[in-house]
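The residues making up each chain are set out below.
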Amino acid sequence: MSASDLFLGSEAGDAAYREAMARAIDAVVETVADRDEPYTGHSPQALAEQFGAPVVPEDGVGPDAAIDEVAETVLARSVATSNSRCSAHLQCPPMVPGLAAEAMLTAANQSLDSFDQAPAATVLEQRVVDALCDLFDLPNGADGVFTSGGTQSNFQALLLARDRYCHRAFGRDVQADGLPTEADSLRIVCSETAHFTGKQAAHHLGLGEDAVVTVPTDEERRMDVDALDRTLADLTDRGRRPFALVGTAGTTDFGAVDPLADLADRATEHDLWFHVDAAYGGALALTDDHAGMLSGIERADSLAVDFHKLFYQPISCGAFLVRDGEDFRWMARNAAYLNPETHDEGGVPNLVAKSVQTTRRFDALKPYVAFRAVGRERFGALVESTLELADDAAALLDDAEDFELLSDPTLSTVVFRYRPRDGMTDEAVSRLNADLRRRLLADGRAVVARTDVDGVTSLKVTLLNPTATLDDVAAMLDVLRDCGRGTLTEQGASA
Ligand SMILES: *Cc1c(COP(=O)(O)O)cnc(C)c1O
């Protein structure tokens, strides 16, 4: 049986590739790219019912039918991330140059774990990493690696921080010998609004979530530096060993940026590894007017930046950067069969030594193609326009009688509540907003997130679409009002 129609490299295979890609592209454009409504509101049960066909049939249906099925059952019922009223999470509309890059990198199928599996890709990833180190003003000797995203970047940061500390403080080689007996006293310090992946990493690193000590935030929801000083003093008094300080540049709900320069001072003073989680806010570095908000990031020992958020690249795509590339030695290992030439004269780059993955995607191609195609100035302007839209959206909410704006946006999230009547209790507002959001999920005309602020259920939009306008936001608010009135009627009926 010939397989040539299934693989590239023959006339039949190349033609099949062209045809399948064209069909897939048409399917995307017709079902998910310019859909009128961002969401279809199907329940998990309704979605499950359409997948009755066997996943592994005895005889295949052929690529055309398989693609068409997916268009109908999956794409047409997916969240339309490019729709201007899709703004719940940090899930961006993917930029066209990035989509082209994604198509190229998957077809080329290079694997970054060894030079012989990805020669040009290895060199290019390194070049993109170097450019990112420059973008964040890290010094010579800085290095980095592409990751699946902030989760992996934050994990790698805390891994290097832990192992460097254990080596310095106890002469312990954690990679070979595991955690020292003093591990119980190790502490990671971050703000109370830092991303949950810090705690997750503490668990994965054998320190336990309780190793994460959170510092209160100020009225702008940034880490309170006086409180940080008290926390560090208290930890030292109690014989705990803080080894890492995590600052956030762009918290998930409010987009708050911690006072990074003050944190860098504290990290120096207390000899802490200073990691900056810039998964969301890192894109500010591209802008003319907002790059200053990241001031202090250039003093980080490491930083996490995600391209699949405010850099508009397809999932997944993140980078982990380290001030001193030598620190990768805490995780390096030598698999003799990969990159055997590394240590020879004129050796080859050995990226696998910097990653927690082995086989690894060439995700660096996406920001590369996007940067090359768009340029820093225009790219930065896209980010700025998104931030401006958030400010305008906040003003709209602030002026509205029936909405309560919870704070002025820092980046592109806007957090608010539907509060149509004066004198409503927090309990009533919580119930109303929770029910409203449930109703909205089934409605599908807008996609908005739900979050908790000071114990009260709230709503959040995360604006990431540079093509969205204030009219889109206004339309979204009208949908919320509509769902809100429906919810009130329903609650009235059941009360
Ligand atoms: C999104 C995010 C993460 C998690 O990153 P993933 O890319 O989802 O793995 C961590 N920290 C912050 C601040 C984030 O916004």
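All values reported here derive from a predicted model rather than from experimental measurement.

Calculation rules
Residues numbered from 1 in each chain as written. Predicted model: local features only at pLDDT ≥ 70, side-chain atom pairs only at ≥ 80, totals over all residues. Heavy atoms only, no water. Near = heavy atom within 4 Å. Polar contact = N/O pair within 3.5 Å; in protein donor to acceptor, adjacent residues only side chain to side chain. Areas by Shrake-Rupley, 256 points an atom, 1.4 Å probe, with all protein chains shown as cover. Helix = DSSP H or I, 4+ residues; strand = E, 2+ residues; numbered from the N terminus. Nonpolar A, V, L, I, M, F, W, Y, C, P; charged D, E, K, R; others polar. Buried < 20%, exposed > 50% of the residue type's maximum accessible area, 1.4 Å probe, protein only. Arc of directions from axis to C-beta. Contact = heavy atoms within 4.5 Å. Pairing = 2+ DSSP bridges. Axes fitted to C-alpha atoms, helices over the stretch in contact; angles between N-to-C directions. Domains from an automatic or database assignment. Buried area = accessible area lost by both parts, 1.4 Å probe. Salt bridge = Lys/Arg side-chain N within 4 Å of Asp/Glu carboxyl O. UniProt positions renumbered as here; feature names shortened; annotations may be inferred. Phe/Tyr/Trp six-rings, centres within 6.5 Å; stacked < 30°, edge-to-face > 60°. Lys NZ or Arg CZ within 6 Å of the ring centre and 35° of its normal. Patch = residues over 30% accessible without salt bridge, like charges linked within 9 Å, V, L, I, M, F, W, Y side chains within 5 Å. Lys, Arg positive; Asp, Glu negative; His and termini not counted. Charge placed at Lys NZ, Arg CZ, Asp CG, Glu CD.

Re the site of the ligand
Working step 1: In the vicinity of the ligand, 14 residues are found, and the nearest of them are Thr151, Asp277, Asp306, His308 and Lys309.
Working step 2: Thr151 has a polar side-chain atom sitting 2.5 Å from an oxygen atom of the ligand.
Working step 3: In this structure, Asp277 approaches the ligand through a side-chain N or O atom, which is 2.6 Å from a nitrogen atom.
Working step 4: Relative to its unbound accessible area of 380 Å², the ligand is 86% covered by the protein chains.
Working step 5: Looking at the shell around the ligand, the element that brings in the most residues is helix 6 (residues 150-170), giving 3 residues.
Working step 6: Looking at the shell around the ligand, its residues break down into 3 nonpolar, 8 polar and 3 charged.

Some points on helix 8 (residues 197-204)
Working step 1: Among the residues of helix 8, Thr197, Gly198, Ala201 and Ala202 are the ones counted as buried. Buried residues of helix 8 fall within an arc of 150° about the axis and therefore sit on the same side.
Working step 2: Buried residues belonging to helix 8 abut helix 6, strand 2 (186-191) and strand 3 (212-215).
Working step 3: At the exit of helix 8 stands Gly206, carrying a positive phi of roughly 80°.

Description of the environment of Ala48
Working step 1: Position of Ala48 relative to the elements: it lies in helix 2 (residues 44-49).
Working step 2: Along the primary structure Ala48 and Thr73 are separated by 25 residues, whereas in three dimensions their C-alpha atoms are 9.7 Å apart.

Thoughts on the sheet that holds strand 2
Working step 1: Strands sit in the order 1-7-6-5-4-2-3 across an open sheet of 7 strands; the sheet is mixed. Here the strands that pair on one side only, and so sit at the sheet edges, are strand 1 (143-147) and strand 3. With strand direction ignored, the average angle separating the axes of adjacent strands in the sheet is 20°.
Working step 2: When strand 6 (residues 302-306) meets strand 7 (residues 318-322), the two strands line up antiparallel, connected through 5 bridges.

Thoughts on the domain arrangement of the protein chain
Working step 1: Under the domain assignment, the protein chain is made up of domain 1 (3-80), domain 2 (111-374) and domain 3 (376-494).
Working step 2: Centre-to-centre, using C-alpha coordinates, domain 2 lies 32 Å away from domain 3.
Working step 3: Tallying the contact residues gives 26 residues for domain 2 and 24 residues for domain 3.
Working step 4: Both sides of the domain 2 and domain 3 interface together cover about 2,200 Å² of buried area, and 61% of this is carbon and sulfur.
Working step 5: When the buried surface of domain 2 facing domain 3 is broken down by residue, Asp253, Phe254 and Tyr312 rank first, second and third, together holding 30% of it.
Working step 6: Asp253 is paired through a salt bridge with Lys460; the nearest N and O atoms lie 2.9 Å apart.

Looking at the UniProt feature "modified residue: N6-(pyridoxal phosphate)lysine" (unreviewed entry) in the protein chain
Working step 1: Within this structure's numbering, the places UniProt gives as "modified residue: N6-(pyridoxal phosphate)lysine" (unreviewed entry) are Lys309.
Working step 2: Relative to the assigned elements, Lys309 resides in the loop between strand 6 and strand 7.
Working step 3: Once you skip the residues sitting within four places of it in the chain, Lys309 turns out to touch Leu90, Cys92, Ala279, Tyr280 and Leu464.
Working step 4: Separated by 3.1 Å, the side chains of Lys309 and Asp306 make a polar contact.

A few points about the packing of aromatic side chains
Working step 1: Tallied over the full model, the rule gives 11 aromatic pairs.
Working step 2: Ring centres 5.6 Å apart and planes at 20° place the aromatic pair Phe146 and Phe307 in the stacked group. In this pair, Phe146 is assigned in strand 1 and Phe307 in the loop between strand 6 and strand 7, connecting sequence segments 161 residues apart.
Working step 3: Given a relative accessible area of 1%, Phe146 falls into the buried group.
Working step 4: Among the aromatic residues, ring-to-ring pairing joins Phe146, Phe307, Phe311, Tyr312, Phe371 and Phe379 into one connected group.
Working step 5: Residue placement shows Arg221 over the ring face of Phe254; its charged tip is 4.0 Å from the ring centre.

Concerning a negative patch on the surface
Working step 1: Among the surface-exposed residues, Asp289, Glu388, Asp391, Asp392, Asp398, Asp399 and Asp408 lie close enough to one another that they form a single negatively charged patch.
Working step 2: Mapped onto the elements, Asp398 comes out in helix 12 (residues 376-399).

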